[in-house]
Amino acid sequence: MVAAAPSITLPPAPRTAEETGLPFSFLCDLALKILYFNGGMVGRDLAAHVCLPFTLLEQTLRFLADQGYCSSAGMQVTNLASHEPLAAGMGYTISTTGRARAREVIDLNQYAGPAPVPIATYSHMVEQQRAIDVPIDRARMHATFAHLVLPESVLDHLGPALSARMATFIYGPPGNGKTSIADAAGTLLGPPIFVPRALYVHGEVIRFLDPVHHIEVDRDLPEHDRRWMLAERPVVKVGGELQPQQLDLGFDPTLGFYEASLQLKANGGLFLIDDFGRQQNLSPRDLLNRLIVPLEKGLDYLNIARAGTSIAVPFTSVLLLSTNLRPQNLMDEAFLRRVRFKVHVPNPTAEDYLEIWRRTCVKEGVVFNLAAITRLMQKQYADVGRDLHGAHPRDLLNHTIHVARYMGRPVQLDEDLLDLACATYFVEADV
């Protein structure tokens, strides 16, 4: 196991209920709901579930027992660690009175996961993590993007944008790696960050941790607040399916709690809006209008409808807008100025196209055939006026592999196999 990097600030573990920043009544209701949904639990398992030390939770269980909501079911675990109190091995079951009380609480809020982090604590932690400055220079750019075949100009234009942590347009013809560029860019933004499992604000819970976007980092960490998880810098990607409501907190009236917005989940990392300009229910102007204030002030405002208020949260993600449309056709000059950097990703040159084929063949274990690919470039591109695109070698080789398997032939770049692959990949203009 690798020790935590010095630049990672550990959230301190709370020692008392007050240090959690949560009302004692909230902790009691949370423990009661967990017991209700599980029937009964061993003390240390309950503490692990809420991500709080058992010594802190013991006070909550004692209060619930005094109120007649739960009771001890006797010692169920004897192999306790030296730091664990005896009560951590006790089993706890919910009573009939406790079930009635739990149903009342569940009618308002069914959240029964890890204890949330107060929004003020979260904002302070985000600011600490934002202060970590990781320089981005040419050497790092070349090392990070070595797996992609890109013109030097793309790296030299993108590098300053990432170094400045500013919004960037990535535009150019489709199929040339704009999404792959964004994926790689996320690794340049700094060391792993701590992500809260949930947030607490004005009596409401916001579920934050998303396993799709927050990838846990396996490190042997010193004692810290387990309500936070160490994760890789998030790369949150959305495309034409983006809906306006995804940029605000999502409330589930059945569950009674909120889901964090996409840009909130992207904090500390990268927020990629792919196919910008092709969102069905969100015009480019409306989308950029929604993000202008966060971009310029570093703060986003989210509506807590049930509490009748809104909250300010840090906005620390790098916004990338990727499109194969001309930026000038999407919005006027005033809006384009708000997105400071524009990076054009062109079609590959003939030399770059061949290099992509070579790398793709190595990856798939297929022998590269220069003569066959040179003929392909003449017949399928030059002769018909078709542009080269960086995604074509991957797709055409995949087609070729399946054609060969179908015909019971060895997988190799034969001219006739490539012709069959092209026939099922390209769309002829006169059809």
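Residue positions are given per chain, counting from 1 as you read along its sequence in written order. Side-chain atom pairs in this predicted model are given and counted only at pLDDT of 80 or more, local residue features only at pLDDT of at least 70, and totals for whole chains, interfaces and linings cover all residues. Note that water and hydrogens are dropped before the side-chain values are worked out from all heavy atoms of the structure.

Tell me what's going on with the environment of Asn289, and back it up with residues and numbers.
On the secondary structure map, Asn289 appears in helix 10 (residues 284-297). By relative accessible area, which is 41% here, Asn289 ends up partly exposed. C-alpha of Asn289 to C-alpha of Phe335: the two residues are 46 residues apart in sequence and 8.8 Å apart in space. A run of H or I in DSSP counts as a helix once it spans at least four residues, and a run of E counts as a strand once it spans at least two, with each numbered from the N terminus. To sort residues, take the accessible area from a 1.4 Å probe on protein chains only and compare it with the maximum for the residue type: under 20% means buried, over 50% means exposed, and anything in between is partly exposed.

Which residues make up helix 10, and what values go with them?
Here the expected span of a helix is defined as 1.5 Å times the quantity of residues minus one. In a regular helix each residue adds 1.5 Å, so 14 residues correspond to 20 Å; helix 10 covers 20 Å between its end C-alpha atoms and thus fits that length. A residue's bend is given by the angle between axes fitted to the 7 residues ending at it and the 7 residues starting at it. Its axis deflected by about 40 degrees at Leu291, helix 10 carries its strongest bend there, up to four residues before the proline Pro294. Within helix 10, the full set of buried residues consists of Pro284, Leu287, Leu288, Leu291, Ile292 and Pro294. Those residues of helix 10 that are buried lie in contact with strand 13 (270-273), strand 14 (299-304), strand 16 (318-323), helix 11 (327-330) and helix 12 (333-338). A contact between two residues is defined here by any heavy atoms of the two lying within 4.5 Å.

Please give an account of the packing of aromatic side chains that cites residues and values.
Two rings from Phe, Tyr or Trp (for Trp, the six-membered ring) form a pair when their centres sit within 6.5 Å of each other. Planes less than 30 degrees apart are called stacked, planes more than 60 degrees apart edge-to-face, and all others tilted. As enumerated under the stated definition, the model contains 11 aromatic pairs in all. Seen in terms of ring centroids, Phe26 and Tyr200 are 5.0 Å apart; in terms of plane orientation they differ by 65 degrees. Their pairing is edge-to-face. On the criterion of sequence distance, the pair formed by Phe26 in helix 1 (residues 24-38) and Tyr200 in strand 7 (residues 198-201) is long-range, its members being 174 residues apart. Each of the two residues, Phe26 as well as Tyr200, counts as buried. Arranged with centres 5.3 Å apart and planes meeting at 70 degrees, the rings of Tyr353 and Tyr381 form a pair that is edge-to-face. Of this pair, Tyr353 sits in helix 13 (residues 350-364) while Tyr381 sits in helix 14 (residues 370-382), and the two are 28 residues apart along the sequence. Every member of this aromatic cluster is reached through a ring pair, and the members are Tyr353, Tyr381, Tyr425 and Phe426. Its guanidinium or amino end placed over the ring of Phe426, Arg386 lies 3.9 Å from that ring's centre, counting from NZ or CZ. Comment: the charge-over-ring label is applied if NZ (Lys) or CZ (Arg) is within 6 Å of the ring centre and within 35 degrees of the ring normal.

Tell me about the sheet that holds strand 4 (residues 117-118), residues and numbers included.
One open sheet holds the five strands; their spatial order is 4-7-8-12-11, and the pairing between them is mixed. Only two strands of the sheet have a single neighbouring strand rather than two, namely strand 4 and strand 11 (250-252). Strand pairing is assigned whenever DSSP detects at least two bridges linking the two strands. Bridge count for strand 7 against strand 8 (residues 204-207) is four bridges, and the pairing is antiparallel. Residue Tyr200 lies in a different strand from strand 8, and its bridge partner there is Val205.

Describe the pattern of salt bridges, and please don't skip the residues or the numbers.
In a structure, side chains of opposite charge can pair up when their charged atoms sit close to one another. Note on definitions: salt bridges are taken to be side-chain nitrogens of Lys or Arg within 4 Å of carboxyl oxygens of Asp or Glu. Per the counting criterion, the structure on display carries 24 salt bridges. Glu259 is the salt-bridge partner of Lys265, the closest N and O atoms lying 2.9 Å from each other. You can call Glu259 partly exposed: its relative accessible area is 22%. In this structure, Arg409 engages Asp414 in a salt bridge whose closest nitrogen and oxygen atoms are separated by 3.1 Å. Judged by relative accessible area, which is 21%, Asp414 ranks as partly exposed.

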